[in-house]
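Each chain, written out:
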Amino acid sequence: MELNKEINKENNKENNYSNNKINEKLFNNLNVHLEGYGCTLNTSDTEIIKNSMIEQGFNVYTGDFKISDSENINLVVINTCIVRQETEHKMISKIKKYKESGKKVVVAGCLAKALSKKIEGLYDALIMPREAHLSGEIVKAVFEGKDYQNIVKTSVNTIDNKLNYLAKDNTDNTHNKVNSSNNLIMALPICEGCLGNCTYCIVKVARGNLISYEPKNIVKKSEELLKSGTKCLLVTAQDTACYGFDRDDNYRLPNLINDIVNNKNLIDNTDENKTYNFGVRIGMMHANYANSFIDDLIETYSNEKVTKFLHLPIQSGDNEVLKDMNRGYTVDEFISVLDEFKHKVKDLNFTTDIIVGFPTESEEAFENTLEVLKQIKPDFTHGAKYSQRKYTVAGRMKQIDTKIRKERSEILNKLRREISFENNKKHIGQTFECLIVKEGEAITNNCKKVLFDSPDDAEISIGEFKTVKVTGAGTFGLQGKLLN
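Here goes a summary of the coordinates provided. For clarity, every value in this text was computed on a predicted model and none was experimentally measured. (Residues numbered from 1 in each chain as written. Predicted model: local features only at pLDDT ≥ 70, side-chain atom pairs only at ≥ 80, totals over all residues. Heavy atoms only, no water.)

Spatially, 2-1-3-4-5 is the arrangement adopted by the five strands of the open sheet, whose pairing is parallel. At either end of the open sheet lies a strand with only one pairing partner, and these are strand 2 (59-61) and strand 5 (125-127). In this sheet, neighbouring strand axes are inclined to one another by 25° on average, regardless of whether the strands run parallel or antiparallel. In this sheet, strand 3 (residues 73-80) lies alongside strand 1 (residues 31-36) in parallel orientation, the contact comprising six bridges. Bridge assignment links Gly-36 to a residue of strand 3, and that residue is Asn-79. Of the strands in this sheet, strand 1, strand 3 and strand 4 (104-109) are in contact with helix 3 (residues 85-100), which crosses strand 3 at around 170°. (Pairing = 2+ DSSP bridges. Helix = DSSP H or I, 4+ residues; strand = E, 2+ residues; numbered from the N terminus. Axes fitted to C-alpha atoms, helices over the stretch in contact; angles between N-to-C directions. Contact = heavy atoms within 4.5 Å.)

Here the structure, examined in full by the defined rule, presents 23 salt bridges. Residues Asp-124 and Lys-99 are paired through a salt bridge, measuring 2.7 Å at the closest nitrogen-oxygen approach. Of the two residues, Asp-124 sits in the loop between helix 4 (110-114) and strand 5 while Lys-99 sits in helix 3, which places them 25 residues apart along the sequence. On the accessibility criterion, Asp-124 (27% relative accessible area) is partly exposed. Exposure remark for Lys-99: the relative accessible area of 25% places this residue in the partly exposed category. Note that Glu-224 and Lys-221 form a salt bridge whose closest N and O atoms lie 2.8 Å from each other. Residue Glu-224 and its partner Lys-221 are located together in helix 8 (residues 215-227), separated by three residues, close to a single helical turn. Here Lys-221 falls in the buried class, since its relative accessible area comes to 7%. (Salt bridge = Lys/Arg side-chain N within 4 Å of Asp/Glu carboxyl O. Buried < 20%, exposed > 50% of the residue type's maximum accessible area, 1.4 Å probe, protein only.)

Turning our attention to the sheet that holds strand 9 (residues 232-236). What holds strands together in a sheet is hydrogen bonding between their backbones, with the strands either parallel or antiparallel. Spatially, the three strands line up as an open sheet ordered 6-9-10, and their pairing is parallel. On the outer flanks of this sheet lie strand 6 (185-189) and strand 10 (279-282), each paired with one strand and no other. Sheet twist, expressed as the mean angle between neighbouring strand axes with direction ignored, is 25°. Across four bridges, the pairing between strand 9 and strand 10 is parallel. From the neighbouring strand, Cys-232 faces strand 10, where its bridge partner is Gly-279. Across the face of the sheet, helix 8 comes into contact with strand 6 and strand 9 while running at roughly 170° to strand 6.

With that settled, the discussion passes to the pairing of strand 17 (residues 465-473). Of the strand pairs in this sheet, strand 14 (residues 431-438) and strand 17 are connected by five bridges, and their pairing is antiparallel. Within strand 17, the position partnered with Glu-433 by the bridge is Thr-467. Across five bridges, strand 17 lies against strand 18 (residues 478-482) in antiparallel orientation. Bridge pairing links Lys-469 to Lys-481 in strand 18. The antiparallel hairpin formed by strand 17 and strand 18 contains four residues in its connecting segment.

Let us now look at the nonpolar core. Generally speaking, nonpolar side chains in soluble globular proteins are found buried as a group. The biggest cluster of nonpolar side chains holds 112 residues, and the ones touching the most others in it are Met-285, Phe-334 and Phe-341. No other element matches the six residues that helix 13 (residues 331-344) contributes to this core. Beyond its immediate chain neighbours, meaning those up to four positions away, Phe-334 contacts Ala-287, Leu-312, Pro-313, Ile-314, Tyr-329, Phe-350, Thr-352 and Ile-376. Among the nonpolar cores identified, the runner-up in size contains 11 residues, and Ala-442, Val-450, Val-468 and Leu-478 belong to it. (Core = buried A, V, L, I, M, F, W, Y, C linked by side-chain atoms within 4.5 Å.)

Interaxial distance between helix 2 (residues 40-55) and helix 5 (residues 135-144) falls to 7 Å at its minimum, and their mutual angle equals 55°. With respect to each other, helix 2 and helix 5 are oriented oblique. For helix 2 against helix 5, the interelement crossing comes out right-handed. For the pair helix 2 and helix 5, the contacting residues are Ile-49, Ser-52 and Met-53 in the first and Ser-135, Gly-136 and Val-139 in the second. (Parallel < 35°, antiparallel > 145°, perpendicular 65-115°, else oblique. Left-handed = near helix turned anticlockwise from the far one by under 90°.)

Given below as C-alpha cells:
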C-alpha cells in the first residue's frame, strides 16, 4: 500500500516536459497534458502512454493542470479508473471540464473500454488498456486529422510491446531531466486481464481475459529497470497468481519471480562479485490460484530480494456472500492458504480487501466478516463500501440502502485501524533492512513505511538500503532510528 502511494507521488511530483525532435514542423509547440488514476497496473499504463507520446515527438506535461494557465496545452490525455461509481463520476467530470475548455481530449484506460457510451461527444479519441503502447501514434493521428482507429487495426505490435515503453531512456533531451528518485520504485506488469468472474467487478469488462506476457520479455525489462537505478519492482497485474495459466507449459508466477531475482546479468559493473541490491514486491493474488503452487510460491518468498508482503483479498467473511460474489473459495479455504504463508514467512505483512454492503450481505453476514477479520488480523485492510457497477451481475441485484453501507463501512474502518495498530506495535524493537525513499522516510523489507531519525553526521542517499530499528508504531506506519 505504501509503495503504491510512493510510486503515484513520484509520477506526479514535478512538471515533466519531454521533446523529441522528429517532425519539428508538424509538432511545433505541440504540448500534451497527461494524468492518470487508479491501481498500480494503471500507473504503469500511464507511464507507457507518456513514453509512447514522447517517442512520437510530443512535449508531455504531467504536473498540476489549471485551465486558466493552460494556453500552451493543446490536448489532454486522461488515463481513467472506474472501479467505483464515485471514481467514474470524477473521471467524467474531469473529461467534461477539459472538453469545455476547448482542448482536444483523449480518454484512455478502463472508462474508454467499458463505459465509452457515457462520454459520447466528449472525446477526440479512445485508447483501450491494451493499446497504451500505441498512444503516441493515436494522438499523432488526432492532430493530423486522421482516423485514429486505423492505428489499432493496422498495428503489428503485440501486447508485449507495452513493456518496451516502461521507463524509456529520454535523457538525451534537455527538456526531460528526470529526478533521480522518479524511477526508484517501478511497477512491472506481467499480464493483462484475469481468469475470474467476480459478480461485482467492472474491471473484467475493461481488461478482459488473461493474456500473460512472455517471461523473457518481463525478465529483460526487469533487468533494464534495475540497471537504470530502480531499487524496488512492483510486480503487478489484476491477479498476479494467475500468471501463466494461459500458457501451454507449466511456467507460473514462482518461476517468473525466481528468474527475475536470480538473473545472472544483474552484476554490479564496479564489482563483478557484487549483485545489484533490490527488492521485488509481488502484487495482489487470488487465493485459489496462489494455492495451486503454494509450496513453490512460499519457497520464492525465502529469497532475500522478495519482500515479505502478501496482498490476498478475502472480500467477505461470510460463505454465502463469497458464493454470491463468485469468489470460488470458502472462508476456511482462504484461511488455510493464509496460514501457510503466516507460518512459513517471517515478518509477513499481510494486506487484504473487504467489501461491505454487497447486495446479499445480511446483518449476520456482516458480523461474520468482522469476526473473520479479527481472526486473520491483516496488517492493512482496504475497506470499501460496495459500489454498484454497470454490466455486472451484482449490479442487477436488489441493492442495500446506502445508509446501511455507510454505517457498516464506518464500523469496518474502526476495526481495521485497531488491528493495524496492534500489528505495528509488535515490530517495536525489531530491525529491518530498509530502502530510503526520501529524507527521513524508508520502506521496510516487508513493505511498511517507517519514519526515522538519524545522526546529524550520517551520510544518507535516496535509493540506499539501510538498517533501521523500530522504536514506535502508528496506525499505518512505523517510527525508527537509523543504525548504520
